[in-house]
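# Descriptive analysis of the structure
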Amino acid sequence: MVKRGLLVVVLAFLVMPAVSTLLPVDTASTLTAQNVDEETSTLFMEAIDLYKRGRDAEALEKLKLVLAKDPSQTEAYVLRDKIAFSLWIDLMTKRGEHRAVINEFLKLASVGERDKRRDDEAVGKLLEQLRTGDYAAKRAAVIKIQRDHGDFAVPAIAKALATSSNDEYRSELLSLVTQMGPEATLALIQCLKSDDAALKDLVIIGLGLIGDDRAAAALKCVIESPEVEEPLMKAAERALIKLNLSEAAAALSAKELLVEMAGLYYRRAPGIMREFSANRVVWRWEEGQLKYYEVPLYLYHLYVAEECCYDALAVDPNFRPAQIWLARIHLAQAQELAAAAAAGSDDAKALVEKLAKAEFLAATAGVDDLEEAVRLAIAEKDLATAEAGVFLLGKLLSGGTFQGGALAEALVCDHKVIRYAAAIAVGNLVPTAAFANADAVTTELSRCVSESTLRSVLVVDDNIESRNQLLAELRELGYFAMGAASGAEGVLLAKRAPTSDLIIVKTTLADSSISTGEVIRELKSDVRTKDIPVIGLAPEARADADKDLFGERLIAVIKIPLVKDAYAVVVKDGFIERSTDQAKALAFAEMAATALAKLAAADKLDASRALGDLIGALADKPDNVKLPAIAALGSIGDASALAPLKDTFVNESASPEVRMAAAVALGHVCRASGNVPADVFQALLAGLGSDDLQVSAGAGKGLGIAPLTPAQRTDVVTTHRITLDKVFKD
């Protein structure tokens, strides 16, 4: 949505971002001019020379080799400054893969000294120089503020705009923020919440001159406010016209546009978020002044989206779309934080308790809004958020009143994890009335019990035919597979919790906004995705060359045309053993087995669909899965369950708790069938004599429940008679 003409490109180059796409905050301030690897420097200068001579194809290959050597951001920064600015402007006008690769290099080079950017004292001195200096001094101050401080100077500029009575100085300040371009937009939007009408008037003018249509909703809030005086409203109308909104956007009210913006921020829409992972500063107008908060990169988009929702509710407290989005955002905050903590982020671990309330706030949205949030999340493949919403709905609903809704719809959605979560949630409710897709509950719970790992693959391929073929075949191989049609979409899906276990990315992405190299660089720079294995996807003729080009950043390359039998092994070997894969599968299996046990106890279980998977759980699952599975078998088991239960009971390596539960289940199954097979009787009889009191107690209960003959009961008490010599012998 933000306009990106040549002027914006120039300004973006002059106004370096506070932090590059990849550089951590704690290392950003270490930028120093240091020597660049000689080979990298030579390749770079050769590429630039080839561009100057019009040999673009050769230049592109050279520049790719530079990026393949994985230069540091500092090295890229030093190389960039060897070239005249005018040449970079010429290069930025090129299209297709040239522009994508040049963009990737410039983003890598866009490093600023973060400590300088937040230097309020330095900004104050520069603003004083702007106020009192001659033309050369003023120009130098403007350039230095833009280059070294960027939007961090906006609070001081806003304060000066509000307090100065010098029209010439205020005009210069307004010109300064306008030259900052879209970098200043979000900070300026917050200034519109000031009570100072004069400040708001100047900010409105500035937003109109910048032309960033992210400001449209804020300007509409001014226009629609009954408390705003007419001159200010007219100024906002003039500024809004300069944004050149689409007809559809112009027709929306302020609250509607705010919710649209919330969705765009939430999805990290290119053009709205401007840079992948480029910003972590959230602006707020609080206590009569502009403040900023530095938040983790993985939460930034959610906090900006959240602010849009709260602004919409400030316009209309009854606006349901904003409430629905806010519920989804609160769910996502908890899930993104949990994913980052699981990936090893110490910052995330420290924030978990502080942000625990996010899930509680999601619950306050109520069932109806939460259901809509879940539907949206499922439709957009926002799986971690959808999963969390499904489980939360399970806590808010009751079996006696359950009639279906979003949970019933989720039982038959395309995503296995969501189907499992919905089946667990519904199963634990033990619904008393009929509802849509009820038959799917037992089926999905049974499948879930049998899972050993839950592995997912993300395919990033801009060719619809090869992408769809690969996705279909990966699903046939038993993986959960998702597709992205561009590098930009691929990065967004890759960073969305839960992260994939393996990523396959085409080596020749034609997306002009982000190249294959930048996709890989983005993945390797983020704590959530840095350890995910990446496999290339390339035409057979260039597969070997691309593997050499990307080096260790790709663990393998799949060749096009696709041959399933050939690449199946590559995919299987590409997974790394992640404890989280098995842990999640086992956690789901435990919850599924528990739900099955509840349904069985309430006589709400279709035994024919569940028996096989419940029996299978006895062989290879931990106790927390086996115990509820055994309980379910005790309720619905038939003759086919007797042998597995007996084997579990006599297995001395099994825990006493499991052996005890198996004995009790044996008794129930025998009672239901009206018969006690001889081998089962003998196993229980022997178990009664175990030195382990839990095993012995279980055998006693099993024998008591089973329909023994009078002769068998006599055999039991005779065999295990407690003789006096065992009790009273010294």
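A word on the environment of Leu 43. In this structure, Leu 43 sits in helix 3 (residues 38–52). Leu 43 sits in the buried class, given a relative accessible area of 12%. Along the backbone, Leu 43 and Val 66 are 23 residues apart, and their C-alpha atoms lie at a distance of 6.2 Å.

Let's shift gears to the sheet that holds strand 7 (residues 556–560). Taken in spatial order, the five strands of this open sheet run 4-3-5-6-7, and their pairing is parallel. In the strand order of this sheet, the two ends are held by strand 4 (480–484) and strand 7, each with one partner. Across this sheet, the average inter-strand angle for adjacent strands is 20 degrees, counted without regard to direction. Where strand 3 (residues 456–460) and strand 5 (residues 502–506) come together, four bridges link them in parallel fashion.

Within the secondary structure, Arg 528 is located in the loop between helix 30 (516–525) and strand 6 (534–539). A polar atom in the side chain of Arg 528 sits 3.1 Å from the side chain of Glu 336. Engagement of the side chain of Arg 528 in a polar contact is seen with the backbone oxygen of Lys 495, the distance being 3.2 Å. When neighbours within four sequence positions are excluded, Arg 528 is seen to be in contact with Arg 268, Tyr 298, Glu 336, Ala 340, Ala 343, Lys 495 and Thr 499.

We now examine the nonpolar core. Formed by 110 residues in total, the largest nonpolar core has its most connected members in Leu 445, Leu 645 and Phe 649. Core analysis: the second largest hydrophobic core is formed by 85 residues, Leu 130, Ala 184, Leu 192 and Ala 322 among them.

On to unusual backbone geometry, then. Trans peptide bonds make up most of the peptide bonds, and negative phi angles are found at most residues other than glycine. The peptide bond linking Ile 560 to Pro 561 adopts the cis configuration, its omega dihedral lying at 10 degrees. With respect to the helices and strands, the residue Pro 561 is situated in the loop between strand 7 and helix 32 (564–574). Here the phi dihedral of Asn 244 falls at roughly 50 degrees; this positive angle occurs in a residue that is not glycine. Along the polypeptide, Asn 244 turns up in the loop between helix 16 (230–242) and helix 17 (247–250). According to the relative accessible area criterion, Asn 244 is exposed, its value standing at 60%. For Arg 268, which is not glycine, the phi dihedral falls at a positive 55 degrees. Mapping Arg 268 onto the fold places it in the loop between helix 18 (254–266) and strand 1 (281–286).

What counts and what doesn't
- Residues numbered from 1 in each chain as written.
- Predicted model: local features only at pLDDT ≥ 70, side-chain atom pairs only at ≥ 80, totals over all residues.
- Heavy atoms only, no water.
- Helix = DSSP H or I, 4+ residues; strand = E, 2+ residues; numbered from the N terminus.
- Buried < 20%, exposed > 50% of the residue type's maximum accessible area, 1.4 Å probe, protein only.
- Pairing = 2+ DSSP bridges.
- Axes fitted to C-alpha atoms, helices over the stretch in contact; angles between N-to-C directions.
- Polar contact = N/O pair within 3.5 Å; in protein donor to acceptor, adjacent residues only side chain to side chain.
- Contact = heavy atoms within 4.5 Å.
- Core = buried A, V, L, I, M, F, W, Y, C linked by side-chain atoms within 4.5 Å.

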